[in-house]
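# Examination of the molecular architecture
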Amino acid sequence: MVVLSASILAQNGTKPLVSRQFIEMPRLRIEGLLAAFPKLISSSKREHTFVETDTVRYVYQPLENGLYLLLITTKSSNIVQDLGTLRLLAKVVPDVATGLSEKNINENAFELIFSFDEVITTGGYKEDVALSDIRTNLQMESHEERVHIMLEEKKKEDAKKAMEEKANEIKRRQMEALKDNLMGNGSSSMKPPSGMVGIGGGGITPGYEHNSTGADFMGSSGAMGMYSYNKPSDAVPVDEPPAKAARGMKLQIGGADKKKTNLMAAMAMEDNFALIGNKKADKGGLGLGLGATVAPPAAAPSTPLTLSLEEKYTVAMNREGGIESCELKGTLTLTANTDAGAVAAIAVNKAAITSKCTGGWNFATHPKVDKKGYETNGVISLKGGKDFPLNRPVGVLRWSYSGEDAAPISINCWPEDEGTGSINVNVEFELLRPDMVLYDVNILLPLGTTDPPAIEDIDGQYKHDPNTGMLCWHHDVVDTSHSSGSLEFSIAGSDVDSFFPVQVMFKSDKFLCPIEITGVTSIANGAPIPNNINKSVTPDNYTIA
């Protein structure tokens, strides 16, 4: 048998829907053969029928809804084999098209053509296949294809993950740069309520010397809710050595160059700028990348021993203000400044620590510390009466605590897409621990754009940095009298995820661990050793994501 064409026709054979040719023939010829078919079929309907012309034979079968399945073969083709092919195609068509309607045929035209190719080969000869084989072949399942698809999906996932990690790394670097500018360079004069006094000496807690007061922080723009930069103070005149005059020339005092320099310095002071290249220009003032405070040289230690108590928080919160994890890590660090401080023995309130720090607390001493003396008497000293190293900080005691009740502050960030190309953002904070007083609280929000936000309502002050696209919400003090606050602003955009992660920074001197230094004595003669005690409570990583 040789099948020239297999076709599906609608409207009683007058409208071709799908036609597949298995030998080469001009388009005009197949269109002429299909156009002649309605004229050749008789009005009587039979289950299988055929019509012959001088050159071809039409083998057809009526289907539902006025559809016809038609095979055009040569006159020399075996009619019995043609009828068998017709019956198989009559089963394939409704199975592939999922129905016998003109709409189903049009929607599954390519699948029908593929199924015709499974039954009849190129050249018009029938394949020895069953309906189940045709279904399997049409599914075209391939293990190699599945493996290839899996590999491609894995590559896409890895690339997406790498892209997200890179974006987060860039955002983290921007936030770290902003944090350094704010925490290290943005303050000038605020001092803590009280200094931490040690046995035989005392002093102000390090890290608080440069905290700015609210008035200094706001400056003249306080009513607008914006930070301002402190004007450089009047320069103190410094006596300069007299210039040496060359031979044959007179020394001129108060010349034109000096007047020009003084005039430019006065103009710079009015506009709050520093002269480029002027080493005596004031570089102070708060700014995110707009100038750094020149730290004074570190003073020499005034006591033989310096003790540092430090607690750092690592907190992860969700966007609704819920605490997902909270970990506190504390350290007692000793620095011997002289030989007298190197032979120190530090006594702590071990009994109070043991009674109050029960569930969730862990304590550990340095491996070189006499653990028996610490466990028995609460005295920290090196084994064998050895001396501490000079001018090198040594962590002698560590503690940690894991529990949601340790988190000092909660943040609730709620961005909403208004559907008009802008996002309304509401941020709230609440003090969770009334026993703590937080200073220099800075809440850093990424905006996802360099455009400035439109502040609608704010408690406290804010600063927008267009270079990093960050917004800093600042509070001088957060305590029981000022335990909550809110910020509302609008900004152009549509991605509500761009406002995360939010980072929180603060300072405090209130410890969760009830540790106290009860005495510092010499292991040689038991005499008290003068010392300074520094306390610091800061967040190591306080994020809302």
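What comes next is a walk through the structure. All figures in this text were calculated on a predicted structure; none of them were measured in a lab.

In this structure the tally under the stated criterion is twelve salt bridges. When salt bridges with common partners are traced through the structure, they connect Glu52, Arg57 and Asp82 into a single cluster.

On to the pairing of strand S13 (residues 394-402). For strand S9 (residues 323-336) and S13, the ladder comprises eight bridges, and the chain directions are antiparallel. Across the sheet, the residue bridging to Leu328 is Tyr401, located in S13. Examined bridge by bridge, strand S11 (residues 361-365) and S13 share five bridges and lie antiparallel to one another. Paired with Thr365 across the two strands is Leu397, which belongs to S13.

Pairing is mixed across the open sheet formed by nine strands, whose spatial order is S11-S13-S9-S8-S23-S21-S16-S19-S18. Bordering the open sheet on either side are S11 and strand S18 (461-465), each of which pairs with just one other strand. Neighbour-to-neighbour, the strand axes of the sheet open up by a mean angle of 15°, direction not taken into account.

Turning to the environment of Ile491, a few remarks are in order. Of note, Ile491 is situated in strand S20 (residues 484-492). In this view, Ile491 contacts Ser422, Ile423, Leu447, Thr449, Asp451, Pro452, Pro453 and Phe499; residues no more than four positions away in its chain are not counted.

Our focus in this paragraph is the packing of helix H2 (residues 79-97) against helix H5 (residues 131-139). At a minimum axis distance of 10 Å, the contact between H2 and H5 shows a crossing angle of 40°. Here H5 runs oblique to H2, going by the angle between their axes. Classified by chirality, the crossing of H5 by H2 is right-handed. Where H2 approaches H5, its residues Leu88, Lys91, Val92, Asp95 and Val96 are matched on the opposing element by Leu131, Ile134, Arg135 and Leu138. Looking at the contact of H2 with H5 residue by residue, the classes come out as six nonpolar, no polar and three charged.

Next up on the list: the packing of aromatic side chains. Throughout the structure, instances matching the rule amount to ten aromatic pairs. Between Phe429 and Trp473, the ring centres sit 5.5 Å apart and the planes meet at 65°, which makes this aromatic pair edge-to-face. Here Trp473 lies in strand S19 (residues 470-478) and Phe429 lies in strand S15 (residues 422-431), a separation of 44 residues in the sequence. Assessed through its relative accessible area of 3%, Phe429 is described here as buried. Of the residues examined, Trp473 reaches a relative accessible area of 0% and is grouped as buried. Here the aromatic rings of Phe506 and Tyr542 are separated by 5.9 Å at their centres, their planes lie at 80°, and the arrangement is edge-to-face. Separated by 36 residues along the polypeptide, Phe506 in strand S21 (residues 502-507) and Tyr542 in strand S23 (residues 531-544) bring together distant segments of the chain. Assigned by exposure class, Phe506 and Tyr542 land together as buried.

Conventions we followed
- Residues numbered from 1 in each chain as written.
- Predicted model: local features only at pLDDT ≥ 70, side-chain atom pairs only at ≥ 80, totals over all residues.
- Heavy atoms only, no water.
- Salt bridge = Lys/Arg side-chain N within 4 Å of Asp/Glu carboxyl O.
- Pairing = 2+ DSSP bridges.
- Helix = DSSP H or I, 4+ residues; strand = E, 2+ residues; numbered from the N terminus.
- Axes fitted to C-alpha atoms, helices over the stretch in contact; angles between N-to-C directions.
- Contact = heavy atoms within 4.5 Å.
- Parallel < 35°, antiparallel > 145°, perpendicular 65-115°, else oblique.
- Left-handed = near helix turned anticlockwise from the far one by under 90°.
- Nonpolar A, V, L, I, M, F, W, Y, C, P; charged D, E, K, R; others polar.
- Phe/Tyr/Trp six-rings, centres within 6.5 Å; stacked < 30°, edge-to-face > 60°.
- Buried < 20%, exposed > 50% of the residue type's maximum accessible area, 1.4 Å probe, protein only.

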